[in-house]
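Descriptive analysis of the structure
Read off the chains here:
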Amino acid sequence: MPPMNELLVATRAVNMGASVLLVGIIAFVYCVALPVRGRQGGRFADRVERPIRRLAALSLALVFVSALAWLWLETANMTGRSLPSALTPDSWEAVLAKTGFSRAWKIRLGAILVSAAGLLGVRFFVSLRRVLEAAFSIAVTVVLTALAWAGHAVATSSPLVSLPADALHLLAAGTWVGGLLPLAIFLRRSRDVPELAAATPAVVQRFSAMSLASVGVLTATGFVNSWFHVGSWHGLIGTTYGRLLLIKLACFVVMLAIGGGNLWRYKQQIAASESSTGDAARLRRHLRRRVVIELALGTAILLVVAVLGVTPPARRW
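None of these values were measured; they are calculated from a predicted model.

Cut-offs used in this document
Numbering of residues begins from 1 in every chain and follows the order in which that chain's sequence is written. Owing to the predicted nature of the model, reporting of local features is limited to residues with pLDDT of at least 70; listing and counting of side-chain atom pairs is limited to 80 or more, with chain, interface and lining totals taken over all residues. To obtain the side-chain values, all non-hydrogen atoms of the structure were used and water was disregarded. Secondary structure elements follow DSSP: runs of H or I no shorter than four residues count as helices, runs of E no shorter than two count as strands, and numbering proceeds from the N terminus. Remark: exposure states derive from per-residue accessible area (1.4 Å probe, protein chains only) relative to the maximum for the residue type, with buried under 20%, exposed over 50%, and partly exposed in between. Here, residues are in contact when the closest pair of their heavy atoms is within 4.5 Å. Note on areas: Shrake-Rupley, 1.4 Å probe, and residue coverage restricted to the protein chains presented here. Lines fitted to C-alpha atoms define the axes here, with helix axes fitted over just the stretch in contact, and angles between the N-to-C directions of these axes take values from 0 to 180 degrees. Throughout this description, any angle smaller than 35 degrees is read as roughly parallel, any larger than 145 degrees as roughly antiparallel, any in the 65 to 115 degree range as roughly perpendicular, and the remainder as oblique. The crossing is said to be left-handed when, going from far helix to near helix, the turn is anticlockwise and less than a right angle, and right-handed when the turn is clockwise. For our purposes a nonpolar core is just a set of buried Ala, Val, Leu, Ile, Met, Phe, Trp, Tyr and Cys residues, chained together by side-chain atoms within 4.5 Å. Salt bridge, as applied in this entry: a Lys or Arg side-chain nitrogen positioned within 4 Å of an Asp or Glu carboxyl oxygen. Here is the rule: rings of Phe, Tyr and Trp (six-membered ring for Trp) pair when centre to centre is within 6.5 Å. Planes less than 30 degrees apart are stacked, more than 60 are edge-to-face, and the remainder are tilted. A helix is expected to span 1.5 Å for every residue after the first. Scored from 0 to 100, pLDDT reflects the predictor's confidence in each residue.

Moving on: the overall build of the chain. Along its length, the chain carries eleven helices and zero strands. Along its sequence from the N terminus, the chain presents helices and strands in the succession α-α-α-α-α-α-α-α-α-α-α. Out of the 317 residues belonging to the chain, those deemed buried represent 49%. A separation threshold of at least 6 residues defines the contact pool for the chain, and within that pool the share at least 24 residues apart is 77%. Carbon together with sulfur atoms contributes 68% to the accessible area of the chain, which is approximately 15,000 Å² in total.

Structure follows, in C-alpha cells:
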C-alpha cells in the first residue's frame, strides 16, 4: 500500500472510530444507563458520567483533528500535489468547491461544531441541559452517518438505496461497537460501589438487548452493501475487497458469539450470585474481560473498514 494510502487509512480509522464512539456514548447513556442514573443520582454522576463525558470530549477532539487531516490527504490525492504543497489555499478551495467529498465534509464539520457547543454548553447553562443534550445527540449522529456520503455508496447505481443502507449500518455499528467502551467504564467503576455493582445484571441485559437490535440492522444493511459492492461469489472470494469483507464478517461473528454469552450466561450468573459478594465480583471481572475482547474485535473491524474505504469494490459501477 502506498504511503499516502497508509496515512489515509490511519486517518479514516481514527475519524471513524471516534465518531462511532460518540454515538456509542449517547446510546449507552440514554438507552442503557439512564434508569440506573436516575436511581443512583450523585454516585452515578461521579463514578460513571464524568469519565464518560471526558471520553466524549476527547473523541470529539479526535474527530475534528482527523477530519482536518483527512481533508488535507484527500486534497493531496485529488490535486496530485505533495502534502506540503497541498496546504495552499487554492488547493483546499478547489477540493471544497467542486467535489462530492467536500459536501459530506462540510456537513460533518458543521455537526462537529454543534456537538462541541452542546457538550460545552451543558456545563455552563444548566437550565438548557435537555436542549443542549438533544442538540449534541443529533449532531453526533450526523457526524457518523454522514460518513456514508464519503464512501463507496455514493458511486453505486442506486445511491438512494445504498446511501441510507450505509448510514444505518454506521449508526448500528456506533450503537453496539461504540457502546462497548462506556460499558467497560461502567463495569470498572462499579466494582467499588455496591449500589452500582448490584445494577450490573440490568445494565448488561439492556446493553445486550440494544446490541441485538443493532445486530439485526447490521445484518440487513450489510447484505445490501455486499450486494452493491461485491455482487458475486467470485467478487467475495477472488478480490481484495471481498477477502477484506470476509475478515470483517469473521470478526463480527466472533463478537456476536461473545455478546450472546454475555447475555445468556454472565448476566444470569451475576444475578444468581448477588448473595455472594466474592462470586459476583469474580463474574463481573470475567464480564469486563469479555467486553474488552469484544472491543478489540470491534476495533479490528473499524481498521478493516478503513482499508475497504480506499480499496476498489469488487463490483465496479
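Taken N-terminus to C-terminus, the directions of helix H5 (residues 129-145) and helix H6 (residues 159-189) make an angle of 120°; their axes are 9 Å apart at the nearest point. Considered as vectors, H5 and H6 are oriented oblique to each other. For H5 against H6, the interelement crossing comes out right-handed. Contacts between H5 and H6 pair Thr141, Leu144 and Thr145 from the former with Ala167, Leu170, Leu171 and Gly174 from the latter.

Next up on the list: the nonpolar core. In terms of nonpolar packing, the biggest core is built from 70 residues, with Phe28 and Phe207 touching the most fellow members. Not counting chain neighbours up to four residues away, the residues in contact with phenylalanine 28 comprise Ala33, Ile52, Gly179, Pro182, Leu183, Phe186, Val203 and Phe207. One finds Val9, Val230, Leu236 and Tyr241 within the second-largest nonpolar core, a separate group that totals eleven residues.

Looking now at the pattern of salt bridges. According to the stated counting rule, one finds two salt bridges in the structure shown. With a shortest N-O distance of 3.6 Å, arginine 53 and glutamate 49 are connected by a salt bridge. Placement of the pair is arginine 53 and glutamate 49 together in helix H2 (residues 42-79), with a separation of four residues, close to one helical turn. By relative accessible area, which is 30% here, arginine 53 ends up partly exposed. Arginine 129 is the salt-bridge partner of glutamate 133, the closest N and O atoms lying 3.0 Å from each other. Pair noted here: glutamate 133 and arginine 129 are both in helix H5, with a separation of four residues, about one helical turn.

In the structure shown here, the tally under the stated rule is two aromatic pairs. Both rings, one in tryptophan 176 and one in phenylalanine 252, keep their centres 5.8 Å apart while their planes meet at 80°; by these two values the pair is edge-to-face. With tryptophan 176 in helix H6 and phenylalanine 252 in helix H10 (residues 240-272), the pair connects residues that are 76 residues apart, well separated along the chain. Like tryptophan 176, the residue phenylalanine 252 is buried in the burial classification.

For helix H8 (residues 200-229), with 30 residues, the first-to-last C-alpha span of 41 Å sits near the 44 Å given by 1.5 Å per residue. Among the residues trailing H8, glycine 231 stands out with phi positive, at a value near 85°.

Quick look at the environment of leucine 297 now. Residue placement: leucine 297 occurs in helix H11 (residues 277-308). It is 9.1 Å that separates the C-alpha atoms of leucine 297 and valine 177, two residues lying 120 residues apart in sequence.

Should pLDDT be low for a region, the predicted coordinates there are not to be read in detail. Model confidence for the chain is summarised by a mean pLDDT of 85, while 88% of its residues fall at 70 or above. Confidence, read as mean pLDDT per element, is least for helix H3 (residues 89-98) in the chain (73) and greatest for H5 (94).

Tracing the sequence through the fold places threonine 145 in helix H5. For threonine 145, the residues in contact, after removing those within four places along its chain, are Ala167, Leu170 and Leu171.

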